[in-house]
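# Secondary and tertiary structure notes
Take a look at the letters that make up each chain.
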Amino acid sequence: MSDSNLLEIQNLKMHFPIRRGFLQRVSGHVRAVDDVTLTIQRGETLGLVGESGCGKTTLGRCIVRAYQPTDGHLLYNGQGAAEVDLAKLSRAELKPYRREVRMIFQDPFASLNPRLTVFDNVAEPLRIHQIADGSALENRVTGLMNRVGLRPEFMKRYPHAFSGGQRQRIGIARALALDPQLIVADEAVSALDVSVRAQILNLMLELQKEMGLTYLFISHDLSVVEYIAHRVAVMYVGKVVEVAPAKKLFAQPQHPYTEALLSAIPRPNPRRKSKRILLEGDVADPSDPPSGCYFHPRCRYAQDRCKIERPPLRTLPDGHQVACHFAEELDLAGIS
Ligand SMILES: Nc1ncnc2c1ncn2[C@@H]1O[C@H](COP(=O)(O)OP(=O)(O)OP(=O)(O)O)[C@@H](O)[C@H]1O
Ligand code: SF4
Ligand SMILES: [Mg+2]
């Protein structure tokens, strides 16, 4: 594994069984994550986008090992000397890695305990991992509060006393408490007002610079991803369909699904040439996906071959990865 890679996700699958009837027999599987291979480089922000139900959260939850993946590998090369496969570790073996790989959520309130003060919420991971107590603990939590832009005197209050943006700062402080390497941020700013959103994004950027953090930044909002991500991966029905540096993906998408997502971003420029591409229908059902290319029923460039043959994710000569048979022939519209 290359030293510049923090995590190599290889052929990862998360299939949820569907149980039916009185006997709860397994009648099928929801293939929420279906054979995903993707690399997260040390110190980068990898944006993960796609419509609702594409499997973004499920992939994030596999990485933090909230789920035991059905199959595949999560090769992690963190602070420790040796590379490990997080997908294969037992609960006990995972403990040191739970410090290094943390998740922050859309609704930080859900991950904060309403009956604990902010101090106790932020201190909790430090206590669980027996990293600090007494005055050392107090100093550490005070430092974290300062770092995320919250006044330390707020520590005695309870989470309900805070606004959405402040709660997200508390959520970030909690995630930072254990000196993580990789943070999976799942729709972390999606519920916030535009002005507060920019503040939290800027805080995340500063923290990344200072602490050398790596982010997997999950969002259905492409304009937010354009602002924060170095590279972007696009998911559709449990599969990665395109990966490229952010600038390139936005300017020259190679997958018709990405083109359609980009065309839907509201832009202030009324003279913009490219028109919005209407994506008809819904994301395919991951328990019963279409034949061939999963995107073919909604793709305006689909040909007969697309209904039969599933396009693998392949690397073009310039390093851009795409899963479309006709990537070289199509001239897709991006946004500049
Ligand atoms: N625990 C579960 N059991 C069964 N199916 C699940 C489970 N969690 C997610 N799914 C299904 O897996 C698919 C992917 O869901 P997921 O939440 O990962 O999507 P998402 O991309 O995060 O969507 P959103 O943008 O709405 O958050 C969906 O079809 C969802 O219904
Ligand atoms: S393989 Fe065919 S259906 Fe799939 S995205 Fe490419 S052109 Fe569209
Ligand atoms: Mg989600």
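Refer to the structure above for everything that follows.
What comes next is a walk through the structure. (Residues numbered from 1 in each chain as written. Chains lettered and ligands numbered in written order. Predicted model: local features only at pLDDT ≥ 70, side-chain atom pairs only at ≥ 80, totals over all residues. Heavy atoms only, no water.)

### Quick word on empty space enclosed by the protein
Inclusion rule: For each structure, a 1 Å grid was placed over the protein atoms alone; sets of points admitting a 1.4 Å probe that cannot get out are labelled cavities, open sets with protein on both sides within 12 Å along at least five of seven lines are labelled pockets, and lining residues have an atom within 4 Å of a point. Grid points are joined across faces, edges and corners, and a volume is the space filled by probe spheres set on the points. All amino acids are sorted into three groups, where Ala, Val, Leu, Ile, Met, Phe, Trp, Tyr, Cys and Pro are nonpolar, Asp, Glu, Lys and Arg are charged, and the leftover types, Gly among them, are polar.
Evaluation of the coordinates by the stated rule reveals three cavities of 30 Å³ or more. Of the voids in this model, the largest cavity is the one considered here, and its volume is about 90 Å³. In terms of lining, the largest cavity is formed by 13 residues, of which the most central are P256, C293, C299, C306 and C324. Here the lining of the largest cavity is built from residues that sort into ten nonpolar, three polar and no charged.

### Quick notes on the layout of surface pockets
The test is simple: Strands are runs of DSSP state E lasting at least 2 residues, helices are runs of H or I lasting at least 4, and numbering of each runs from the N terminus.
In this structure, the largest pocket spans a volume of roughly 590 Å³. Forming the boundary of the largest pocket are 21 residues, of which R98, R102, M103, F105 and R174 lie nearest the centre. Where the lining of the largest pocket is concerned, the elements lending two or more residues are α2 (91-100), β6 (101-104), α4 (118-128) and α6 (164-176). Here the lining of the largest pocket is composed, by residue class, of ten nonpolar, four polar and seven charged.

### What to know about the packing of aromatic side chains
Applied cut-off: Side-chain rings of Phe, Tyr and Trp (the six-membered ring for Trp) are treated as a pair once their centres are within 6.5 Å; stacked means planes under 30 degrees apart, edge-to-face means over 60, and tilted covers the remaining angles. The rule is simple: take the accessible area with a 1.4 Å probe, protein chains only, and divide by the maximum for that residue type; under 20% is buried, over 50% is exposed, in between is partly exposed.
Evaluation of the coordinates by the stated rule reveals six aromatic pairs. Where Y76 meets Y97, the ring centres are 5.9 Å apart and the plane angle is 85°; that geometry is what we call edge-to-face. With Y76 in strand β4 (residues 71-76) and Y97 in helix α2, this residue pair connects regions lying 21 residues apart in the sequence. Y76 sits in the buried class, given a relative accessible area of 1%. Between Y257 and F295, the ring centres sit 5.2 Å apart and the planes meet at 65°, which makes this aromatic pair edge-to-face.

Taken by themselves, the reported measurements are silent on function.
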